[in-house]
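# Close look at the chain arrangement
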Amino acid sequence: MPSTHEELARQLEKVLSPEAVLKGAAAERAYDCDAYTVDRNNPTAVVLPETTEDVAKVVRWCCANNVPFTARGAGTGLSGGVLPAMGGVVISSKKMTRILDIDVENRCLLAQAGIANKRLSDAVKQYGLHFAPDPSSQTVSTIGGNIGENSGGPHTLKYGVTVQHVLGVTMVDPSGEILKLGGKVEGAPGYDFIGLIVGGEGTLGVVTEAWVKLVPIPTAVSTALIAYSNIGDATRTVADIIAEGTIPAALEMMDRGILHAVNLAFGFTYPVGTDSMLLIECDGEPEAVAHEMEVVKQICTRNNALDIRIAADEEERTRLWMIRKKGIGAMGRIAPSIVTHDGVIPRSKLPEMLDFVYAVSERHKIGVANIFHAGDGNLHPCFYFDDRDPDQVRRVVEAGEEIIARCIELGGSVTGEHGIGVEKMDLMSLMFTPQDLELQATAKRIFNDAMLCNPCKVLPNQKSCVESKKRWRGTAW
């Protein structure tokens, strides 16, 4: 390993070019965490490759010099997945933003990993197609990051998460070899390595390109925003809609904390006495959409809805979606820091779980707001605080661990779409037995049997990670 940061950067400049290497205090600060700001660690250098071959050169250099490396997209992740846990090199996909091929006839597209999610849909809108996965950060979050976390989004309920929409990837493995897995045709024979890589959180290699599936834009869309005076009526509405056999394209919930933040940030107004809101969207053929929305309206009315607002046109639909898409960002008006959790529970447990979240918040004296995918039970409690105060950070971490533990007790999961990263690594044992975790470690070793490729992520008890954790958060570890 090079003896100094300066020497390491100079060598990387020879591997790529001086313009493709960032170094110094500013780069370290900009790349020391993702949107999960509780844990931070400085990289030694940041590289900006433009091609798969560039990435392979960097990875091979890191292997030859025993330097850890971590792939990074836009940094919008919420579990510390791109934290450079043991320092080393951050491989940023900032310059890998090209669409390489559009195959309209076969409804697929090849793009580099650094392109923003929404740009895929924008590129094929003229053909009546779109890329269905739509995380709320889709205007900036990259397809590589979506693949790493197996991201979902508001339309997950009907269309599924990222793995259902990835046909193939080009990946640089942890030794620097370029692999092409899958392709334009679904259902290739052999083992499903695509299913392992999507959601692998960058621990199996660096994805540089992906073939993704495109689907037709729905013929008709109807979007409703429904206000309730209490969150219990809203959660009962969710359960009744699903029990009726209606599966909306999206079924989202926002509580009073989120509504207050969006009001402060964007001037969004809602009926007096509103405690929570549902955003419900139906899409498909016009007659089917009209029928589904009528069923939704009847169920909402039966559950004491204060107000039902249905978008009259695309402009109004965009305004209604703003409350959901901008809700978490709006929390910046209330506090300087936020941790957005990501537990999953059975839908029937929503009322009980929300009561528990509010009780945990009160007990730890940490503010909380809830915005989440109610249709599939994917909760996003947002704890707001000041991460410059170590005591507040401690309380946020403890509160989050209580909530995730309760999700497991209720038959749920530690994560739905944000990933494990470093945030939930030590909570994996709540959901999996030692034998389960060893099986996952065995799968990881197929691609990555060393500690250089995105170390200290996903699986607990990895060698060399304990001391790194102490450095992230001090002796509390």
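Residues numbered from 1 in each chain as written. Predicted model: local features only at pLDDT ≥ 70, side-chain atom pairs only at ≥ 80, totals over all residues. Heavy atoms only, no water.

## A few points about the sheet that holds strand E4 (residues 89-92)
So the rule is basically this: Pairs of strands are assigned from DSSP output, requiring at least two bridges between the strands. Helix and strand assignments come from DSSP, with helices taken as H or I runs of at least 4 residues and strands as E runs of at least 2, each series counted from the N terminus.
Pairing is mixed in the open sheet, where 4 strands are placed in the order E1-E2-E4-E3. On the outer flanks of this sheet lie strand E1 (21-22) and strand E3 (69-72), each paired with one strand and no other. Both strand E2 (residues 45-47) and E4 contribute to a ladder of 3 bridges, which runs parallel. Its bridge partner lying in E4, valine 47 is registered against isoleucine 91.

## Topic: the domain arrangement of the chain
Going by this rule: In this entry, domain limits derive from an automatic or database-based domain assignment. When two components associate, each loses some accessible surface as probed by a 1.4 Å sphere; the sum of these losses over both components is called the buried area.
Entries for the chain in the domain assignment read domain 1 (99-216), domain 2 (220-329) and domain 3 (335-409). Inter-centroid distance (C-alpha atoms) of domain 1 to domain 2 is 29 Å. Summed over both sides, the interface between domain 1 and domain 2 buries roughly 870 Å², with carbon and sulfur atoms accounting for 49% of that surface. Contact with domain 2 buries area across many residues of domain 1, yet Pro154, Leu157 and Lys158 alone supply 58% of it, more than any other trio.

## Re the sheet that holds strand E14 (residues 276-284)
Hydrogen bonds between backbone atoms are what pair the strands of a sheet, whose relative direction is either parallel or antiparallel. To keep it simple, the criterion reads: Lines fitted to C-alpha atoms define the axes, with helix axes restricted to the stretch in contact, and inter-axis angles between N-to-C directions lie between 0 and 180 degrees. Whether two residues are in contact is decided by their heavy atoms: any pair within 4.5 Å suffices.
The strand order E15-E12-E14-E13-E17-E18-E16 describes an open sheet built from 7 strands, whose pairing is antiparallel. Both outer strands of the open sheet, strand E15 (307-310) and strand E16 (337-340), are each paired with one neighbouring strand and no more. This sheet shows a mean twist of 20 degrees between the axes of neighbouring strands, independent of strand direction. As judged from the 9 bridges shared by strand E12 (residues 220-228) and E14, these two strands associate in the antiparallel manner. Looking at E14, one finds that leucine 225 is bridged to leucine 279. Running at roughly 160 degrees to E14, helix H10 (residues 286-302) makes contact with E12, E14 and E15 of the sheet.

## Regarding the packing of aromatic side chains
Under the convention used in this document: Only rings of Phe, Tyr and Trp enter the pairing, Trp through its six-membered ring, and a pair is recorded when the two centres are within 6.5 Å. The plane angle decides the type: under 30 degrees is stacked, over 60 is edge-to-face, the rest tilted. Each residue's exposure class comes from its accessible area (1.4 Å probe, protein chains only) as a fraction of the maximum for that residue type: buried when under 20%, exposed when over 50%, partly exposed otherwise. Two conditions define a charge sitting above a ring: the NZ of Lys or the CZ of Arg must be within 6 Å of the ring centre, and it must be within 35 degrees of the ring normal.
Overall, the coordinates contain 3 aromatic pairs when judged by the stated rule. Both rings, one in tyrosine 191 and one in phenylalanine 193, keep their centres 6.5 Å apart while their planes meet at 65 degrees; by these two values the pair is edge-to-face. When its relative accessible area of 74% is taken as the criterion, tyrosine 191 is described as exposed. A residue is classified by how much of its surface remains accessible, and phenylalanine 193, at 28% relative accessible area, is partly exposed. The rings of Tyr191, Phe193 and Phe447 are connected pair by pair, giving a single aromatic cluster. Here the basic side chain of arginine 256 rests over the ring of tyrosine 358, its NZ or CZ set 5.1 Å away from the ring centre. Between the NZ or CZ atom of lysine 325 and the centre of the ring of tryptophan 321, over which it lies, the distance is 5.8 Å.

## Some thoughts on the environment of alanine 64
Positionally, alanine 64 belongs in helix H3 (residues 52-65). Look at alanine 64 and you get exposed, because its relative accessible area is 66%. Sequence separation of alanine 64 and aspartate 342 is 278 residues, and the distance between their C-alpha atoms is 37 Å.

## Comments concerning the state of the cysteines
Let me state the cut-off plainly: Throughout, a disulfide means two cysteine sulfur atoms within 2.5 Å of one another.
If you walk through the whole model with that rule in mind, you get 0 disulfides. For cysteine 282, which is in no disulfide, the shortest distance to another cysteine sulfur is to cysteine 300 and amounts to 9.7 Å. Cysteine cysteine 382 remains unbridged, with the sulfur of cysteine 407 as its closest cysteine sulfur at 14 Å.

## Examining a nonpolar patch on the surface
For clarity, the cut-off: Each patch is built from salt-bridge-free residues with over 30% relative accessible area, joining like charges within 9 Å and nonpolar side chains (Val, Leu, Ile, Met, Phe, Trp, Tyr) within 5 Å. Per-residue and other accessible areas were derived by the Shrake-Rupley procedure at a 1.4 Å probe size, with only the shown protein chains allowed to occlude residues. Salt bridges are defined by distance alone: a side-chain nitrogen of Lys or Arg within 4 Å of a carboxyl oxygen of Asp or Glu.
On the surface, a nonpolar cluster with roughly 220 Å² of combined accessible area is contributed by Ile102, Val104 and Tyr127. Here isoleucine 102 lies in strand E5 (residues 99-103). Assessed through its relative accessible area of 31%, isoleucine 102 is described here as partly exposed.

## Details of the packing of helix H8 (residues 231-243) against helix H13 (residues 350-364)
Worth spelling out the cut-off: Less than a right angle of anticlockwise turn of the near helix away from the far helix marks a crossing as left-handed, whereas a clockwise turn marks it as right-handed. Classification used: nonpolar for Ala, Val, Leu, Ile, Met, Phe, Trp, Tyr, Cys and Pro, charged for Asp, Glu, Lys and Arg, polar for all others including Gly.
Here H8 crosses H13 at 145 degrees, and the two axes come no closer than 9 Å. The way H8 lies across H13 gives a crossing that is right-handed. Side by side, H8 and H13 meet where Ile231, Thr235 and Val238 of the first sit next to Leu350, Pro351, Leu354 and Tyr358 of the second. Among the residues making up the contact of H8 with H13, the classes are represented as 6 nonpolar, 1 polar and no charged.

## So, helix H9 (residues 256-266)
As a reminder of what qualifies: Definition of a polar contact: a pair of N or O atoms within 3.5 Å, with one able to donate and the other able to accept a hydrogen when the atoms are protein atoms, and with sequence-neighbouring residues admitted only if both atoms are side-chain atoms.
Buried within H9 are the following residues: Gly257, Ile258, Leu259, Ala261 and Val262. Buried residues in H9 make contact with strand E13 (250-255), E14, helix H11 (314-325), helix H12 (327-330) and strand E17 (367-372). By the N-cap criterion, in which a side-chain oxygen at the helix start approaches the backbone nitrogen of a residue two or three places on, H9 is capped by aspartate 255, the distance to glycine 257 being 3.0 Å. With its phi angle positive at about 75 degrees, glycine 267 sits one or two positions after the end of H9.

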